[in-house]
Amino acid sequence: MKPFSSRPLADIPRDSAAGVVMPHEAAWDHVTGHALYTDDLPHRSANVLHAWPLQVFCAHARIDSLDTSTARTMPGVVRVLTAEDVPGLNDYGDIGDETLFPAEVQFHGQPVAWVLAETLEQARLASEAIEITQTELPSIITTQEAIAAGAFQGPTGTLHRGDADEALATAPHRLSGGIDIQGQEHFYLETQASFATIDEGGQVFIQSSTQAPSHTQEVVARVLGISSSQVTVQCLRMGGGFGGKETNANAFASVAALGAVLTGRPVSLRLNRTQDLTMTGKRGGFHATWEAGLDDEGHILAYKAVLTADGGFSVDLSPAVVSRALCHVDNAYYLPNVHVVGRIARTNKTSHTAFRGFGAPAGMIVTEDLLGQAATKLGIDEEEIRRRNFYAPGQRTPYGQEVSQAARMGDIWDTLLQSSDYHARLRDVADFNAGNQHVKRGLAITPVKFGVSFNKPVLNQAGALVLIYRDGSVLINHGGTEMGQGLHTKMLHVAATALGLPLRRVRLAPTRTDKVPNSSATSASTGSDLNGGAVKNACELILDRLAPVAAGMLGVNSNDVRISGEVVSGLGTKNTVDWAELVETAYQQRVSLSATGYFRTEGLYFDPSTYQGNAFKYYSRGAAVAEVEVDGYTGAYTTRQVDLLHDVGSSLSPLIDLGQIEGAFVQGAGWLTQEDLRWDTSEGPHRGKLLTQAASTYKLPSFSELPQVFNVDLYVHPTDDGSVYGSKAVGEPPLMLSIAVREALRAAAAAFGEPGQQVELPSPATPEAVYWALDQVRRRTPSPALPAE
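Report follows, based on the coordinates. (Residues numbered from 1 in each chain as written. Predicted model: local features only at pLDDT ≥ 70, side-chain atom pairs only at ≥ 80, totals over all residues. Heavy atoms only, no water.)

Moving on: the packing of helix 10 (residues 360-378) against helix 18 (residues 739-750). With their axes 11 Å apart at the nearest point, helix 10 and helix 18 run at an angle of 30° to one another. When the axis of helix 10 is compared with that of helix 18, the two are roughly parallel. When you trace helix 10 past helix 18, the crossing you get is right-handed. Counted together, Met364, Ile365, Glu368, Asp369, Gly372 and Gln373 of helix 10 and Ile739, Arg742, Glu743 and Arg746 of helix 18 form the full contact between these two elements. Residue composition of the contact of helix 10 with helix 18, grouped by class: three nonpolar, two polar and five charged. (Axes fitted to C-alpha atoms, helices over the stretch in contact; angles between N-to-C directions. Helix = DSSP H or I, 4+ residues; strand = E, 2+ residues; numbered from the N terminus. Parallel < 35°, antiparallel > 145°, perpendicular 65-115°, else oblique. Left-handed = near helix turned anticlockwise from the far one by under 90°. Contact = heavy atoms within 4.5 Å. Nonpolar A, V, L, I, M, F, W, Y, C, P; charged D, E, K, R; others polar.)

So this is what it looks like as structure tokens:
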């Protein structure tokens, strides 16, 4: 047998912890209030200062003067932080376009100074005493305004294959359309929070609610003008992230750290909900226009589109968002001739950033919108037109990557059609609609094919530190962060499986940059793949050292050593030793019981200038059936039933995967049907103000919006060797299963008119939007003739 470290990544040992059903490792602590979050930590410290921002409520303005003299003398105030206090670089972005203490305000509510005081109330009152004069400048609020003004930023990407113009010109059927895809507020339960301290040697320690501790470390060091080795960032856990704490956390950590360095005291910074909503980036909206050519059978022959992302005031992660949108316009469909342009609009809004799915949901919706319109025009059932365009084995994406496991999509599709009783329910819906004039139902099925890996190959690497103590207990450190998604739980499964131990033997330490350096952000659904590979590698390196020790104790060859359930055995002998005994013996023989693990995803390359390459290690797939009922008087609707089937490979933790699928779907349905971000676009004094500043004005999904029947199944099949123990990512892909709800609403709206009418449904499809869509359908339908007297 080969050494432990040479075992294939996807091989699952017998009787292992992988796939064992268990709840989230901290679930009990979460629901009982014992779990600590970043803002719980200052209360355990003394002499803590609290930070409050001075926000400027203007969409775009030049700061002419800033007088903090009065504020500095107010009760409890210790320091007022301004640009003059920054010893390093006054910027928290990566290309110099996100100023920490700006002289020019770029969005309504941008902070320009921070007050540090003994209490939060004292800091707030002092911020109001700061005297500021400003000159208002012209602003751009909407994506359409940016397009008209030619206000773009960052790179423009082009996805190209074949000759889309020629194919479009010769296609038997041509369609065109456009759609505005609204953004989304992260609305994590825990707002942005950082807590910074400094020791006697000048070492800066930051507790931060961040998805990217290493990136936060780098930005803070840059702002302070010191080396990264002088900054340690720890993320204990997050109360939700969804991408909103991938880069947004860096500015707040920098302010807290700067305050700690300048005052020598701990500094706590936590935004209240209104501050978080007005000061942080969101899922950026998209404006899309498209043209398509199809044959008589509904096959897409040509596809052209322009996707314009609302980037907000700076670039941030928008180039990667657009890149993922372009690489997912195909969704599950083969597009032979493609020309899609992706660009980033510059608007005077918060800098839009990562959000679950990145740009993939927007890219997919455009194509699903096209197929929904095409089905109506060609008179082909929507389920069938989608199936006819699925990738076949051996076909490649527009960016040149062969679609692995292409046949799985058809299998998932057929399995879900049968389990959801789709065709019988479609007939029932038709019968219901024929018998009801003012209430209609709609049924739809949509697929998801989501590529898993960072589009930037360098980010696809991870590290881990595994420590085994003399009593046989195990402590693992990895570079991923826990935001409620269950990553730590899955890493427990990986470590226990690799070492042949029960889960109770393994414990996790909080994520820290001085334990695992240079980690990538926990995002892009790569957390389990990357960190799991690193944890597995570290465990197996230790096992390679333990195998000769065990072989000597058992009298067998080191290649014949086996470990399962804390029992160490050998082939060809009935002798066994206990795991703890093996560990103690190794210690006595001076064998190292710790190891640094490392993993990088192989086979990835991608050229952003040509949009060609192997962008993803594998694809995660799923399908959703959704049934809705719509009130023709109000547009209000009920989601009657949802059936989901999602490919998880060989699940590391089935209960975690089920929760992720359910949560992602509900979040996606909220984005597509309820969550309606609004900014003031008037020319008045509040231009650029976010109008949806609270849960009272920003409608989030609640229990009442859950499907009345919610069926979720895992499509459990071993995957290829590209992922740890054959598991597949489940964080982002299920969000796009919610597209089925939007398509079902389109079908229900169409049912209010004559068959064959096109329905243009905005995003989000709020009850108001659904009403206006169905009302347009009714207006185009002749009224029934009155009976003769």
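A word on the nonpolar core. Note that soluble globular proteins tend to have their nonpolar side chains buried in a common cluster. Within the largest apolar cluster, 103 residues are counted, with the highest numbers of intra-cluster contacts made by Leu294, Tyr303, Leu307, Val340, Val630 and Leu745. Considering each element in turn, this core owes the most residues, 10 residues, to helix 10. (Core = buried A, V, L, I, M, F, W, Y, C linked by side-chain atoms within 4.5 Å. Buried < 20%, exposed > 50% of the residue type's maximum accessible area, 1.4 Å probe, protein only.)

Attention shifts here to the packing of helix 14 (residues 487-499) against helix 15 (residues 527-554). Their axes nearest at 9 Å, the elements helix 14 and helix 15 cross at an angle of 30°. One finds that helix 14 runs roughly parallel with respect to helix 15. Helix-helix and strand crossings are classified by hand; for helix 14 and helix 15 the assignment is right-handed. Every residue of helix 15 that contacts helix 14 at Leu487, Lys490, Met491, Val494, Ala495, Ala498 and Leu499 is listed here: Gly527, Ser528, Asn531, Gly532, Val535, Lys536, Cys539 and Leu543. Per-class residue counts for the contact of helix 14 with helix 15 are nine nonpolar, four polar and two charged.

Attention shifts here to the layout of surface pockets. In this structure, the second largest pocket encloses a volume near 1200 Å³. As for the second largest pocket, its lining consists of 42 residues, of which Asp94, Leu317, Ala320, Lys456 and Leu459 are closest to the centre. Looking at the lining of the second largest pocket, the elements that each hand over two or more residues are strand 7 (152-161), helix 6 (213-224) and helix 9 (318-326). Per element, the largest residue contribution to the lining of the second largest pocket is five residues, and it comes from helix 9. Of the residues in the lining of the second largest pocket, the class split is 20 nonpolar, 14 polar and eight charged. (1 Å grid on protein atoms, 1.4 Å probe; cavity = no way out; pocket = protein on both sides within 12 Å on 5 of 7 lines; lining within 4 Å. Points joined across faces, edges and corners; volume = space filled by probe spheres on them.)

The subject of this paragraph is the pattern of salt bridges. Considering all chains together, one arrives at 44 salt bridges under this definition. When the shortest N-O distance is used, the salt bridge between Lys349 and Asp310 registers 2.8 Å. You can see Lys349 sitting in the loop between strand 15 (338-345) and helix 10 and its partner Asp310 sitting in strand 14 (residues 300-310), a full 39 residues away along the chain. Residue Lys349 shares its accessibility class with Asp310, and that shared class is buried. When the shortest N-O distance is used, the salt bridge between Asp775 and Arg778 registers 3.6 Å. In this pair, Asp775 and Arg778 are both assigned in helix 19 (residues 767-779), three residues apart and thus about one turn of the helix distant. Residue Asp775 is classed as buried on the basis of its relative accessible area of 8%. (Salt bridge = Lys/Arg side-chain N within 4 Å of Asp/Glu carboxyl O.)

Our next topic: the side chain of Ser723. Position of Ser723 among the secondary structure elements: in the loop between strand 29 (709-716) and helix 18. Under the relative-accessibility criterion, Ser723 is labelled buried at 0%. Of the polar contacts made by the side chain of Ser723, one reaches the backbone oxygen of Ser727; its length is 2.5 Å. Those residues in contact with Ser723 that lie beyond four places of it in its chain are Leu9, Ala10, Asp529 and Tyr618. (Polar contact = N/O pair within 3.5 Å; in protein donor to acceptor, adjacent residues only side chain to side chain.)

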